[in-house]
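A closer look at the structure
So the chains spell out like this:
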Amino acid sequence: MAVALIPLAYLAVRTAEAGWDTIVGELWSTRVGLLALRSLGLATVVTTACVLLGVGTAFLVTRTDLPGRRLFAVLASLPLAVPTYIAAFAWVSAAPRLEGFWPAALVLTLCSYPYVLLPVAAALRGADPAQEEVSRSLRRSGWQTFTAVTLRQIRPATAAGALLVALYVLSDFGAVSILRADTFTRAIFVAFDLGFDRTGAVVLSSVLVALTVLLLAGETATRRRGARYARLGGARRPALRLRLGAARLPAIAALLGVAGLALGVPAVSLARRLAAGMSRPGALPEVLTAAGNSLTVSVAGAALTMLLALPLGLLTARAPGPLTTALDRLAYLAHALPGVVVGLSLIFFGINVAYPLYQTRWLLALAYATLFLPLAVAAVAGAALQSPAGLEEVARSLGRGPWTVLRTVTLPLTLPGIGAGAALVFLTGMKELPATLLLRPTGTDTLATELWTSTAVGAYAAAAPYAALLVAISALPTWLLVARSGLLDKEDRQ
Amino acid sequence: MLATRRTTRVLIAASLLTIGLAACGSDEEGTAADLGKADDKQITVYSGRNEQLVKPLLDKFTQQTGITVNARYASTAQLAAQLVEEGDKSPADVFFAQDAGALGTVAKRGMFSTLSETTVEKVPPTYRAGNGQWVGVSARARVLAYNPDQVPADQLPNSVFDLTAAQWKGKVAFAPTNASFQAFVTAIRVQHGDAKAEEFLAGLKANDPQIRDGNGKIVEDVNSGVVPVGLVNHYYLGEIAKEKGTTPEALKVKLHFFPGGDTGALVNVAGVGVLNRSATDPDAQKFVDFLLGTEAQTHFAEQTFEYPVITGVPGPAYVPALADLAVPQIDLNDLDTLDATVSMIKDSGLVP
C-alpha cells in the first residue's frame, strides 16, 4: 500500500513547504472554484454518457439477437486501445475549430466507455436469468423487468466502471489540453509550463485529491446498497435473448456509428497525416526497439501491479471491513492524479529513498503500479467475489494449510481476474505518457514517447506509424479482455 | 474459459520472463548513480530540445570526440522541474534548454557552474548570462505570422501593442503557456513597466483571443486561414514547410518582423548550462564548445531554421539576417523575473 502513499506523501511535503500564504493565495480564488466545477462537470457528463453508451452496447451484444454481436463486442471494446491524445489530435486535425468542454466530453466518452461496457457485459452474461423469469411470470413487462431486475443486477458492475471513468476524466491530460477544455488537470500542467511553477501545480493537485475523495465517497455509498447478485446454484444457462425485429437496423447503425467516431475518425485522420507529410519515422530497428521498450516496461508494470494488487484484491473480497475498505479506497486516490504529479513524486522518492532504482525501468514500473493499482484490484476482487468462499473453507476443513489453499484453490479461481487486471494495466501502461517521460531510463524510447517527439516538431507523418503500432499492440490485451468477459463464448443459443 | 485461462498463464509466464529480461537489461544500463564520473568519455544531457532536431547533432559530436551522449528528452519545463526536484543528486551533466527563462530558473537555484570565458566569449553578451552560468547556442526571433489573403501586407501593425485594437478582435492567435510568449511578456515589463504589460494582457483577453496550445498549431492555423495572424517564433515556418515537403517561401503563411525595436520583435535563445557536479568535466566542456562550433551552428541554421549566435555562420535563407533585425534593446539577463510574469499571465485570465 505504501505505493499509493508515495504521491500523497509527496503532495503533503511539497504543499507544507509552500507555506500557508501561498496555499491560500493559490486556492482561494474564483479561478480554482471554476476549474473544480468544470472538472466535476466534465466528469459527470462523460460518466453519464459512458454509462448510457456502455450499458446500452453491453445489452445489445449480450441480450439481443443482434447479428454479428461477437464482432460488435470486439469493435465496441477496441476504443480502449486508443489513447485520448491520439483521438483528440485526430479530431482536431479533422475539424480545426473544435475546442472546449463539449468536444472534450465527446472524445473522452468515445475513449473510455469500454470501462463500463466490459464489466457490465460480463455481469449481464453472468447474471442469473431466474430472477428475470420470475419477474416476467409475475406479469411485469419486458421494460419493467429490465429496470427493476436487470439494472439492479448490473448495478455494482456499472458503478465500478463509472468510477474508473470518472477518475480517468479527472486525471486525463491529452484530450483536455489538445481540445483546450480548461479543467483542473490542464491547470496543473499549465502551472508547470508557466514558469516551471512546481508549487502551484502541487497545491492544485491536492485539490484534485479532495475531489477524488468526494467521488469515492459517492461510489462507496452506492456500493453499500448494491448487494451481490450471484447465481443461487443450479445449472449455468444463458438468459433469453430479446428479438430486435425492426429495431435491428437502427441498433446496427448506432453501433457502427459509435465505432466510426471512436475508431474511424482516428484511423482516417492518421492515414491522411501520413499521406500528406514528408517526414518518416526512424528505421525499422528504431521502431521495433521502441515497441520492445513499450512492451517490456508495460509488462513489468503490469506484473508489479498484479503482485501488489493480489493481496489487496483478495482482502477486499474475503475480509470486507472498514480497514479493508479504507485500504482499497486509498489505492484509488493516486489514480485520479495527473501522470506528471505521480512522476514527480516518484522522482522525489527515487532521489531521496531508492537512488539505485532512479531512472531504471523499475521505478517506471512502480509508477505504473501507483497509477493503475485500482484497475488491478477491482479485477482481482471481482473474480474472487464470483467464487464462493465456501470452497476455501471446505479445503481448510479437509486439512489443507492456508498456503496450500491459496495455491490450489484461491489462485486458480482468481486467475481470470488476474489475467483481466494484468491486461488492463498493460494496456493503460502502453498509453501512458507524462510519467513515462519523467521516469524512463535516459535514452529509452517507447512508442508513446516517440509519438510525442514527432508531433512536437510537427512531423505528423513520422508520428502516424508509432500511433498505429501503439493502437495495434494495445488491441491484443483488449481482445483478451473481451474474451475474458465471455462475449466470445459460443455457449449462448436461444 | 479454458482458452482464456491458458492465455492468462501465458501472460503470467511472459511477465516473469520480462522481469528477468528487464533485470538483465538494467545491469547493462548501469544505474543513474554510476554515470557521470569526470572524463569517463560519456555525458548525460537533459535536452528540452526535441530529439528529432538535435539527435543528428549529438551523433556527430560522438563521432568526432568518442564521447557518448546519454540524452534525456522531455519538454524544457518538465526537465527544469525534474532538475530542481533532483537537486545535487541529478545525474545530468548538461541542461540543453529551449529558452533563457528555464536556464535562469535552474541558475537561480545555484545548480549551474560558471562556464570558461573563452567559451562564452564566442557569443555576443546579449545572448548569454552575465555571470557566465549559461550560454545561448541559437537565437529565435518573435514574429507575427500572417495570412496575406486575410491581411494584406500594408495593413500589418507597426507595433505588437496595436493588436489589442478593435480591428483585430478575434483575429490574433497566441500560446500563453508557451515559454517564448512568457519571455516576450517579461520583455514588455522590462522595457515598458508592469502597468503596460498588464494593460496589454487585459487588452488581448478582451479582444476575443484565439488561444492555442503551441506555436506549431498557430502557424498551421494561420497557413490554412483559420486565424488571420498569430504571435510565434520565426522557425516554425521551416518545420511546417519541411513536413509538407516544400520551402518556407512557398507556404501561404508569411512572417512580419515588427519594426523600430518594438518589443514584439524580441530575440530569445536556446542555450546550455553545465551542472555543478560536472564543473571540471572536460567532456561537458567539449560538448558546449561543439555546440558553439561552425558545424553545429550551421546545423541550427539549416536544420532547425534558427539563427546562429557566432559570427561567420549565415542564418536561414527565408528570414532577414539577425544583424538586420530591429531587435528591441533588452538584456536577456533581465528576463529572469519570470515569477512576476507568470502571476500576471495567470491573473489576466488567459490561462486556466
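What counts and how
- Residues numbered from 1 in each chain as written.
- Chains lettered and ligands numbered in written order.
- Predicted model: local features only at pLDDT ≥ 70, side-chain atom pairs only at ≥ 80, totals over all residues.
- UniProt positions renumbered as here; feature names shortened; annotations may be inferred.
- Buried ≥ 20, exposed ≤ 12 C-beta atoms within 10 Å, placed from the backbone.
- Helix = DSSP H or I, 4+ residues; strand = E, 2+ residues; numbered from the N terminus.
- Pairing = 2+ DSSP bridges.
- Axes fitted to C-alpha atoms, helices over the stretch in contact; angles between N-to-C directions.
- Parallel < 35°, antiparallel > 145°, perpendicular 65-115°, else oblique.
- Left-handed = near helix turned anticlockwise from the far one by under 90°.
- Contact = placed C-beta atoms within 7 Å.
- Nonpolar A, V, L, I, M, F, W, Y, C, P; charged D, E, K, R; others polar.
- Domains from an automatic or database assignment.
- Core = buried A, V, L, I, M, F, W, Y, C linked by C-beta atoms within 7 Å.

- The name an unreviewed UniProt entry assigns to chain B is Iron(III) transport system substrate-binding protein, from the organism Micromonospora phaseoli.

- The name an unreviewed UniProt entry gives chain A is Iron(III) transport system permease protein, with Micromonospora phaseoli as the organism.
- UniProt, in the comment section headed Sequence similarities (unreviewed entry), describes chain A in these words: "Belongs to the binding-protein-dependent transport system permease family."

Description of the pairing of strand β3 (residues 94–97) of chain B
Residue and element names in this part refer to chain B.
- Both faces of β3 are covered, namely the face carrying Val94 and Phe96 and the face carrying Phe95 and Ala97.
- In this structure, strand β1 (residues 42–47) lies alongside β3, joined through three bridges in parallel fashion. Across the sheet, residue Ser47 finds its bridge partner in β3, namely Phe96.
- In the sheet, β3 pairs with strand β9 (residues 267–274) via four bridges, with the strands oriented antiparallel. Paired with Phe96 across the strands is Val272, a residue of β9.

Looking at the packing of helix α17 (residues 339–352) of chain A against helix α18 (residues 361–386) of chain A
All names here are of chain A.
- Here α17 crosses α18 at 130°, and the two axes come no closer than 10 Å. When the axes of α17 and α18 are compared, the pair comes out oblique. Both α17 and α18 take part in a crossing whose hand is right-handed. On α18, the residues touching Gly339, Val342, Gly343, Leu346 and Gly350 of α17 are Leu363, Leu366, Ala367, Thr370 and Leu371.
- Among the residues making up the contact of α17 with α18, the classes are represented as six nonpolar, four polar and no charged.

Examining the UniProt feature "binding site: Fe cation" (unreviewed entry) in chain B
All names here are of chain B.
- As annotated by UniProt and renumbered to match this structure, "binding site: Fe cation" (unreviewed entry) occupies Tyr235 and Tyr236.
- With respect to the element layout, Tyr235 can be found in the loop between β7 (229–233) and α9 (236–244).
- Taking the number of C-beta atoms within 10 Å as the measure of exposure, Tyr235 has 25 and is therefore buried.
- Those residues in contact with Tyr235 that sit more than four places away from it in its chain are Arg140, Thr304, Phe305 and Glu306.

With respect to the domain arrangement of chain B
Residue and element names in this part refer to chain B.
- As far as domains go, chain B holds domain 1 (42–139 + 268–319) and domain 2 (140–266 + 336–348).
- For domain 1 and domain 2, the distance between their C-alpha centroids amounts to 26 Å.
- In this assembly, 19 residues from domain 1 lie in contact with 15 residues from domain 2.
- Those elements giving two or more residues to the side of domain 1 that touches domain 2 turn out to be α3 (76–86) and α4 (100–108).
- Considering only residue class, the side of domain 1 that touches domain 2 consists of nine nonpolar, seven polar and three charged.

Overview of the interface of chain B and chain A
- Facing the 61 residues of chain B at the interface are 57 residues of chain A.
- Among the elements that take part in the side of chain B that touches chain A, helix α1 (residues 2–29) of chain B stands out by supplying 14 residues, more than any other.
- Within the side of chain B that touches chain A, the residues separate by chemical class into 25 nonpolar, 21 polar and 15 charged.

Regarding the environment of Lys217 of chain B
- Structurally, the position occupied by Lys217 of chain B is in helix α8 (residues 215–223).
- Between the alpha carbons of Lys217 of chain B and Phe174 of chain B there is a distance of 9.6 Å; along the sequence they are 43 residues apart.

Details of the pairing of β7 of chain B
Residues and elements named next belong to chain B.
- The buried count for β7 comes to five of five residues, which makes it a mostly enclosed element.
- Residues of β7 alternate between two faces, with Val229, Leu231 and Asn233 on one and Gly230 and Val232 on the opposite face, all of them buried.
- Sheet analysis places strand β4 (residues 134–146) next to β7, joined by five bridges and oriented antiparallel. In the strand pairing of β7, Arg142 is matched with Asn233.
- Taken together, the two bridges between strand β5 (residues 172–174) and β7 define a ladder with parallel strand orientation. In the strand pairing of β7, Ala173 is matched with Gly230.

Overview of the UniProt feature "domain: ABC transmembrane type-1" (unreviewed entry) in chain A
- Feature annotation in UniProt assigns "domain: ABC transmembrane type-1" (unreviewed entry) to the following positions: residues 36–217 and 291–481 of chain A.
- Structurally, residues 291–481 of chain A is divided into 82% helix and 0% strand, and its ends, taken at the C-alpha atoms, are 21 Å apart.

A word on the environment of Ala175 of chain B
All names here are of chain B.
- You can see Ala175 is positioned in the loop between β5 and α6 (179–192).
- The buried category is assigned to Ala175, around which 23 C-beta atoms lie within 10 Å.
- Note: C-alpha distance between Ala175 and Pro209 (34 residues apart in sequence) is 9.9 Å.
- Aside from chain neighbours lying at most four places away, what touches Ala175 is Phe181, Arg212, Asp213, Gly214, Asn215 and Ile218.

Comments concerning the nonpolar core
- Val107 and Val380 of chain A together with Val94 and Phe95 of chain B are the most contacted members of the largest nonpolar core, which has 271 residues in total.
- Per-element tally for this core: the top contributor is α18 of chain A, with 20 residues.

Here we look at unusual backbone geometry
- With a phi angle near 70°, Arg139 of chain A is a residue other than glycine that sits in the positive phi range.
- The residue Arg139 of chain A is located in the loop between α8 (129–137) and α9 (142–153) in this model.
- According to the C-beta neighbour criterion, Arg139 of chain A is exposed, with 7 such atoms within 10 Å.
- A positive phi is found at Asp208 of chain B, a non-glycine position, where the angle reads about 50°.
- Among the secondary structure elements, Asp208 of chain B is positioned in the loop between α7 (194–206) and β6 (210–211).
- By C-beta crowding, Asp208 of chain B is classed as exposed, having 11 other C-beta atoms within 10 Å.

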